[in-house]
Amino acid sequence: MAEAILEVGGLVKHYPLTQGILFRKQIGAIKAVDGVDFTLHRGETLGIVGESGCGKSTVAKMLVNLERPTAGSIKYKGEDLTRLTGRALKAVRRNIQMVFQDPYTSLNPRMTVGDIIGEPYDIHPEVAPKGDRRRRVRELLDVVGLNPEHINRYPHQFSGGQRQRIGIARGLALRPEVIVADEPVSALDVSVQAQVINLMDRLQNEFDLSYVFIAHDLSIVRHISDRVGVMYLGRIVEIGRDAEIYDHPTHPYTQALLSAVPVPDPAARDRRERIILTGDVPSPTNVPSGCRFRTRCWKAEDRCAQEVPVLAVPAHLGDPTGPAAHDSACHFAEAVSIRRSAPGQTVLPEPTP
Ligand SMILES: Nc1ncnc2c1ncn2[C@@H]1O[C@H](COP(=O)(O)OP(=O)(O)OP(=O)(O)O)[C@@H](O)[C@H]1O
Ligand SMILES: [Mg+2]
């Protein structure tokens, strides 16, 4: 397996929950991220999916140091970012860059694209001497498929997809090794989404990048991810190689998410059993005891309220090298096989005997 470039361990972010305006009193905690572990290997794409509010963006912000973790470690090539400050932190941070969700609000409308893409050089002048910046910015425009002659244009003169290309060019300016992309295509038209994903795919090979690619649903990350982690209420509940997650999910939450993935073929749609989750996601200020998914889980038993399931290969699933052998945080993890009627289509989750 390739070298581990990022190792995240026990990552926690709790925001104080306060009451009152003048005399703010802390009355609890918003557990936005509540114990996340994963490893990102060189050259791979780790997809992270989960419903709104499960903590995806908070994880992303901690990876690029926009938020300081409440607890846990983020190791970049073995060095824990959460323990670094000042110059040492700045030097490491350069290697981990973010691409944001909304290309409409994340670009300053009063700056030219040349200034937007070149802005990281103001923070890291050692990367590009002043006289060399415009040449580099033009090269970056070309790399992401935009016309270098448009260097003096403003964001509003570009389409949504083109603006996300500008965001990607800015993310590449410092030649990082890791890109954290927080829902980079969610704000774009479906027809444009594939173009941006293809571009990111190409850039990954060209620049030897490792990606953490965040999305709302499993269908978007499918094409780009080598491994996928599924988040629920501040934690990863299942993580594994692409085929393991899509074809042999073992966590009830992943199975429910997969059963909701749209199927284009009507015949396949009819044969598929849909799992409808009841109830709402609990509030991150009031996380259920034991397994946090139990309040919506059709398999929940007493044990689930008492014991927090660890994220590990479920021992009872037998064959440790089999397709179901990947980490799943469920006391009653059960391998189901997802039949596919055609590549890319997900049909009927059936329990395997
Ligand atoms: N600065 C903050 N202060 C207080 N609570 C916050 C803050 N940022 C995020 N939260 C809360 O933390 C939880 C996780 O938020 P986060 O933005 O990480 O979710 P997300 O998975 O990215 O959601 P979405 O899919 O909608 O982008 C939410 O309940 C959110 O309201
Ligand atoms: Mg988000």
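Described below are features of the structure shown in this document. For clarity, every value in this text was computed on a predicted model and none was experimentally measured.

### What to know about the sheet that holds strand β3 (residues 45–49)
The strands making up a sheet are joined through hydrogen bonds of the backbone, oriented either antiparallel or parallel. What the 7 strands build is an open sheet, ordered β6-β7-β8-β3-β9-β10-β11; its pairing is mixed. This sheet does not close on itself; its edge strands, each paired only once, are β6 (96–99) and β11 (327–328). The sheet contact formed by strand β7 (residues 178–182) and strand β8 (residues 210–215) spans 5 bridges and is parallel. In the sheet register, Ile 179 faces β8, and the bridge partner there is Tyr 211. Where helix α7 (residues 190–207) meets the sheet, it contacts β3, β7 and β8, and its direction lies at approximately 160° from that of β8. Packing against the sheet, helix α10 (residues 252–259) makes contact with β9 (227–232) and β10 (235–241), and its axis sits at approximately 105° to β9.

### Re the packing of aromatic side chains
Summed over the entire model, instances satisfying the criterion amount to 3 aromatic pairs. On the numbers, 5.0 Å between centres and 85° between planes, the contact of Tyr 232 with Phe 293 is edge-to-face. Linking Tyr 232 in strand β9 with Phe 293 in the loop between α11 (266–271) and α12 (302–306), this pair joins segments that are 61 residues apart in sequence. Neither residue differs from the other here; Tyr 232 and Phe 293 are each classed as buried. In textbook terms, an aromatic cluster arises when at least three aromatic residues are bridged by ring pairs, as seen for Tyr 232, Tyr 253 and Phe 293. Its guanidinium or amino end placed over the ring of Tyr 246, Arg 222 lies 3.9 Å from that ring's centre, counting from NZ or CZ.

### Observations regarding the site of ligand 1
The local shell around ligand 1 holds 14 residues, among which Ser 52, Gly 53, Lys 56, Ser 57 and Thr 58 are the closest. Within the backbone of Cys 54, a nitrogen or oxygen atom sits 3.2 Å from an oxygen atom of ligand 1. Side-chain polar atom of Ser 57 to an oxygen atom of ligand 1: 2.8 Å apart, as the coordinates give it. Within the complex, the protein chains bury 67% of what would otherwise be the 640 Å² of accessible surface of ligand 1.

### Overview of the pattern of salt bridges
Per the stated rule, a full pass over the model turns up 19 salt bridges. Residues Glu 44 and Arg 227 are paired through a salt bridge, measuring 2.8 Å at the closest nitrogen-oxygen approach. With a gap of 183 residues between them, Glu 44 in the loop between β2 (25–41) and β3 and Arg 227 in strand β9 connect regions that are remote in the sequence. On the accessibility criterion, Glu 44 (9% relative accessible area) is buried. With a relative accessible area of 14%, Arg 227 lands in the buried category. The salt bridge partner of Glu 149 is Arg 138, with a shortest N-O separation of 2.9 Å. Of this pair, Glu 149 sits in the loop between α5 (133–143) and α6 (160–172) while Arg 138 sits in helix α5, and the two are 11 residues apart along the sequence. Note on Arg 138: relative accessible area 32%, which makes it partly exposed. Where salt bridges share partners, they join Glu 3, Arg 42, Lys 77, Glu 177 and Asp 208 into one cluster.

Analysis parameters
- In this convention, every chain numbers its residues from 1, walking through the sequence in written order.
- Chain A is the first chain written and ligand 1 is the first ligand written, with later ones labelled in order.
- Local features are withheld for residues below a pLDDT of 70 in this predicted model, meaning they are given only at 70 or higher, and side-chain atom pairs are given and counted only at 80 or more; totals for whole chains, interfaces and linings count all residues.
- Derived side-chain values reflect all non-hydrogen atoms in the structure, with water molecules and hydrogen atoms excluded from consideration.
- For two strands to pair, DSSP has to find at least two bridges joining them.
- A run of H or I in DSSP becomes a helix once it reaches four residues, and a run of E becomes a strand once it reaches two; helices and strands are each numbered from the N terminus.
- Two residues form a contact once any of their heavy atoms are found within 4.5 Å.
- The axes used here are C-alpha line fits, helices contributing only the stretch in contact, and every angle between their N-to-C directions lies in the interval 0 to 180 degrees.
- Aromatic rings from Phe, Tyr and Trp, with only the six-membered ring used for Trp, were paired whenever their centres fell within 6.5 Å, and each pair was classed as stacked if the ring planes differed by under 30 degrees, edge-to-face if by over 60, and tilted otherwise.
- Burial classes: relative accessible area under 20% of the type maximum marks a residue as buried, over 50% as exposed, and values in between as partly exposed (1.4 Å probe, protein chains only).
- Working rule: Lys NZ or Arg CZ, within 6 Å of ring centre, within 35 degrees of ring normal, means a charge sits over the ring.
- Being near a molecule or strand, for a residue, means having at least one of its heavy atoms within 4 Å of it.
- We call two N or O atoms a polar contact when they sit within 3.5 Å, provided that within protein one can donate a hydrogen and the other can accept it, with sequence-adjacent residues counted only if both atoms are side-chain atoms.
- Using a 1.4 Å probe, the Shrake-Rupley method yields the accessible areas, and only the shown protein chains count as cover for residues.
- By salt bridge we mean one thing: a side-chain nitrogen of Lys or Arg within 4 Å of a carboxyl oxygen of Asp or Glu.

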